[in-house]
Amino acid sequence: MAEAITQCLAASSQDTSSVSVSCSPDLVVLADPLHLGRIVDNYLQNAFKYGEPPVRVEATALGDMVEIRVLDHGLGVPPSSRTSCSASSPVPDVPSMRDKKGTGLGLSIVRGLAEANGGQAYYRPNVPHGSCFIALLPSADGPRR
Amino acid sequence: MKAVLIVEDDLDIQVLIQAIFSMDPRFSVAGLADSAEEALTMAIEVDPEIIVLDDGLKGPMRGVDAAPQIKAVAPRAKIILFTSHQNTKARVDTDPSVDAYLLKTESAALLPVAQQLAHLLALI
């Protein structure tokens, strides 16, 4: 997983030299490498386009899944666009977060690719401010405690 | 196995469509094209049963304009216009060569729509 993130950053269309990464070296995700790369890159594009630095990529085990988070420190998604009373909402489709010429497709792509790999895509506010876009993908190692 | 032709010029969307069809083993992506002109050639070569057709493509011809020509060379194919442009809906409603219309933001519906069209094919 750590290697895949490093490759994503190197191949990204964005200047990712300032992006920090936190990922356990033995974390392995069960996903198509191309899909994983597109998920991370689309989230990074979104963070650079609509968020503010510092941008951070994190990956941690969560039961039998791996949670990949791309965090920025911008304005975040307005509360009115989030599902109320929910700590984690499906990836939102709001004008301020749209990319791909304003069509919102970048985040739709992430959601579709995550689901095609047996996972999900979520949004969570980054406390105290900013966005945390999450892809939850199956772990190759099975459940961890 | 139902052969699928993907006509899309955005690499990310191409990858997404391939990933979506990989979830159902009854479908096989038999060809990729990024322009209407290439789609016409591929439609003859591949003889697809499902065509996922973008509207804004490389080259001068739009997908919605190419649909009747594609249908003429691949008459058994069911064409799904998969676009980010809502303003094509009215035109598609009156175009018999397009079998289904879907916005790209509704990609979760792509596989169910294709399955439904494939089911119709099996009945014909």
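Structural data are supplied above this passage.
Residues numbered from 1 in each chain as written. Chains lettered and ligands numbered in written order. Predicted model: local features only at pLDDT ≥ 70, side-chain atom pairs only at ≥ 80, totals over all residues.

Chemist: Please explain the overall build of chain A as it appears in this structure.
Modeler: Counting its secondary structure elements, chain A contains 3 helices and 6 strands. Residue burial in chain A is summarised as follows: out of 145 residues, 42% are buried. (Helix = DSSP H or I, 4+ residues; strand = E, 2+ residues; numbered from the N terminus. Buried ≥ 20, exposed ≤ 12 C-beta atoms within 10 Å, placed from the backbone.)

Chemist: What should I look at first to understand the overall build of chain B in this one?
Modeler: When you go through chain B residue by residue, the secondary structure sums to 5 helices and 5 strands. Each helix (α) and strand (β) of chain B, taken in turn from the N terminus, gives the series β-α-β-α-β-α-β-α-β-α. For 124 residues, the compact-globule formula gives about 14 Å, and the C-alpha radius of gyration of chain B, at 13 Å, lands near that figure. Its C-alpha atoms give chain B principal-axis dimensions of about 35 × 30 × 25 Å. Across the 124 residues of chain B, 44% fall into the buried class. In chain B, 62% of the contacts between residues at least 6 apart in sequence involve partners at least 24 apart. (Rg over C-alpha atoms; globule rule 2.2 N^0.38 Å. Contact = placed C-beta atoms within 7 Å.)

Chemist: Would you mind showing me how to read the interface of chain A and chain B here?
Modeler: Interface size is often expressed as the accessible area that is lost when the parts come together. On the chain B side, the residues contacting the 13 residues of chain A number 13 residues. Residue assignment for the side of chain A that touches chain B shows that the elements contributing at least two residues are α2 (33-50) and α3 (105-116) of chain A. No other element matches the 6 residues that α3 of chain A contributes to the side of chain A that touches chain B. Classifying every residue of the side of chain A that touches chain B gives 5 nonpolar, 6 polar and 2 charged. (Nonpolar A, V, L, I, M, F, W, Y, C, P; charged D, E, K, R; others polar.)

Chemist: In this structure, what is going on with the environment of phenylalanine 48 of chain A? I would like to understand it.
Modeler: Residue and element names in this part refer to chain A. Positionally, phenylalanine 48 belongs in helix α2. Take phenylalanine 48: there are 21 C-beta atoms within 10 Å of it, and that puts it in the buried class. A sequence separation of 24 residues divides phenylalanine 48 from aspartate 72, and the C-alpha atoms of the two residues are 8.2 Å apart. What phenylalanine 48 contacts, discounting residues up to four positions off in sequence, is Gln14 and Val55.

Chemist: Would you mind going over the pairing of strand β1 (residues 20-23) of chain A with me for this structure?
Modeler: Sheet faces and side chains relate simply in a regular strand, where the side chains alternate between the two faces. Residue and element names in this part refer to chain A. For β1 and strand β2 (residues 56-62), the ladder comprises 4 bridges, and the chain directions are parallel. Looking at the pairing, serine 22 lines up with glutamate 58 of β2. Note that the unit made of β1, α2 and β2 has a crossover that is left-handed. (Pairing = 2+ DSSP bridges. Right-handed = clockwise from strand over helix to strand, strands pointing away.)

Chemist: Hey, could you run me through α3 of chain A in this one?
Modeler: One full turn of an α-helix is made of 3.6 residues, so residues set three or four places apart face in the same direction. For α3 of chain A, spanning 12 residues, the distance from its first C-alpha to its last is 16 Å, which sits close to the expected 16 Å at 1.5 Å a residue. Most of α3 of chain A is tucked away: 11 of the 12 residues are buried. Taken residue by residue, α3 of chain A has Leu105, Gly106, Leu107, Ser108, Ile109, Val110, Arg111, Gly112, Leu113, Ala114 and Ala116 of chain A as its buried positions. Next to the buried residues of α3 of chain A lie α2, β5 (120-125) and β6 (131-138) of chain A together with α1 (11-21) of chain B. Two residues or fewer past α3 of chain A, glycine 118 of chain A is found with a positive phi of approximately 80 degrees. (Expected span 1.5 Å × (residues − 1).)

Chemist: Help me understand the sheet that holds strand β1 (residues 2-7) of chain B, please; the structure alone is not making it clear to me.
Modeler: One key point about sheets: their strands pair by backbone hydrogen bonds, in either a parallel or an antiparallel sense. All names here are of chain B. In space, the 5 strands of this open sheet follow the order β2-β1-β3-β4-β5, with parallel pairing throughout. Each end of this open sheet is capped by a strand with a single partner; those strands are β2 (27-33) and β5 (100-103). Neighbour-to-neighbour, the strand axes of the sheet open up by a mean angle of 20 degrees, direction not taken into account. Of the pairings in the sheet, the one linking β1 to β2 comprises 6 bridges and is parallel in character. Across the sheet, valine 4 pairs through a bridge with valine 29, a residue of β2. (Axes fitted to C-alpha atoms, helices over the stretch in contact; angles between N-to-C directions.)

Chemist: Could you clarify how one ought to interpret α2 of chain A in this entry?
Modeler: Its 18 residues place the ends of α2 of chain A 26 Å apart at the C-alpha level, agreeing with the 26 Å of an ideal helix rising 1.5 Å per residue. Those residues of α2 of chain A lying buried are His35, Leu36, Arg38, Ile39, Val40, Asp41, Asn42, Tyr43, Leu44, Asn46, Ala47 and Phe48 of chain A. Where α2 of chain A is buried, its residues touch α1 (2-11), β2, β3 (65-71), α3 and β6 of chain A together with α1 of chain B.

Chemist: Is there a simple way to explain the environment of serine 97 of chain B in this structure?
Modeler: Among the secondary structure elements, serine 97 of chain B is positioned in the loop between α4 (89-93) and β5. Apart from the residues within four sequence positions on either side, serine 97 of chain B is in contact with Ala67, Pro68, Lys71 and Ile79 of chain B.

Chemist: Explain the nonpolar core here, please?
Modeler: The tendency in soluble globular proteins is for nonpolar side chains to be buried as a group. Core analysis: the largest hydrophobic core is formed by 77 residues, its most contacted members being Val40 of chain A together with Ile51 and Val52 of chain B. Setting aside anything within four residues of it in sequence, one finds valine 40 of chain A in contact with Ile5, Cys8, Val57, Ile68 and Val70 of chain A. (Core = buried A, V, L, I, M, F, W, Y, C linked by C-beta atoms within 7 Å.)

Chemist: Sorry, what's going on with the pairing of β5 of chain A here?
Modeler: Across 6 bridges, the pairing between β5 of chain A and β6 of chain A is antiparallel. Its bridge partner being in β6 of chain A, alanine 121 of chain A is matched across the sheet by alanine 135 of chain A.

Function cannot be read off these values alone, since they describe shape.
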